[in-house]
Amino acid sequence: MQNSKNNLYETDRYQWIEQQKEKFRNGQYDQLDIDNLFWEIESMGSELGALEHRLTTLIQHLLKYDYQQRVLNPVMPEPYNCRDWLGTISRNRLAISKLIQKNPHIKPQIDEQLAEAYPDAKKLAIEDMNRYVQPHQRLTAKSFPFACPWTFGQMVQEDWLP
């Protein structure tokens, strides 16, 4: 029996989840795939950690892009530094989309992860920008909003930029 549970877990994760839910609902606890259920529960925290990490990086680069476009070089169509940032923005959008697609149970946690990611992203953006600006242009915490100025939906929208 254990072998067929593991096989389904490896070949059709969705079907395995549905099977485990049904067995749990019916009180068939002795038939549950405990080893893989434990693994799934244990990995849930790492999925949230991955989401927060990706959100931090995405926000950090959106903040830098926005600040450079709005404050430092408002007349330039695309400042040089922004080219690298645009690639990072695209990669993180894709990674976040895949992470949520593979782990839909983390979707209700997005607002909380966004709130946790923003202060770190802001700090990192300030540090990054201060490496490139003149002393009189140094950024501080007041250079960016207190809370994230964008919605999750905006930030993950493929062609959206602040």
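In short, a report on the structure. Values in this document were obtained by computation on a predicted structure and should not be read as measured data. (Residues numbered from 1 in each chain as written. Predicted model: local features only at pLDDT ≥ 70, side-chain atom pairs only at ≥ 80, totals over all residues. Heavy atoms only, no water.)

Attention now goes to the environment of Asn103. Mapped onto the elements, Asn103 comes out in the loop between helix 4 (80-102) and helix 5 (110-130). For Asn103, a relative accessible area of 8% corresponds to the buried category. Along the sequence, Asn103 and Leu48 sit 55 residues apart, while their C-alpha atoms lie 9.6 Å from each other. Apart from residues lying up to four places away in sequence, Asn103 is in contact with Arg13 and Glu47. (Helix = DSSP H or I, 4+ residues; strand = E, 2+ residues; numbered from the N terminus. Buried < 20%, exposed > 50% of the residue type's maximum accessible area, 1.4 Å probe, protein only. Contact = heavy atoms within 4.5 Å.)

Before going further, it helps to examine helix 2 (residues 13-25). Three or four residues apart is the spacing at which side chains of an α-helix point the same way, because the helix has 3.6 residues per turn. The end-to-end C-alpha distance of helix 2, which contains 13 residues, comes to 18 Å, matching closely the 18 Å that a straight helix rising 1.5 Å per residue would cover. Within the sequence span of helix 2, burial applies to Trp16, Gln20 and Lys23. Relative to the axis of helix 2, the buried residues are bounded by an arc of 65 degrees and lie together on one face. Those residues of helix 2 that are exposed and aimed more than 90 degrees away from the buried face are Tyr14 and Arg25. One side-chain oxygen at the N-terminal end of helix 2 lies 3.1 Å from the backbone nitrogen of Gln15; it belongs to Asp12. Positive phi shows up at Gly27, right after helix 2, with a value of about 75 degrees. (Expected span 1.5 Å × (residues − 1). Arc of directions from axis to C-beta. Polar contact = N/O pair within 3.5 Å; in protein donor to acceptor, adjacent residues only side chain to side chain.)

Counting across every chain of the model gives six salt bridges. The partner of Lys21 in a salt bridge is Glu18, and the shortest N-O contact between them spans 3.0 Å. In this pair, Lys21 and Glu18 are both assigned in helix 2, three residues apart and thus about one turn of the helix distant. Judged by its relative accessible area of 26%, Glu18 falls in the partly exposed class. Note that Asp128 and Arg131 form a salt bridge whose closest N and O atoms lie 2.6 Å from each other. Here Arg131 falls in the exposed class, since its relative accessible area comes to 59%. (Salt bridge = Lys/Arg side-chain N within 4 Å of Asp/Glu carboxyl O.)

Turning next to the side chain of Lys64. Following the sequence through the fold, Lys64 ends up in helix 3 (residues 34-72). In this structure Lys64 comes out as buried when scored by relative accessible area, which is 4%.

Nothing here speaks to function; it is geometry throughout.
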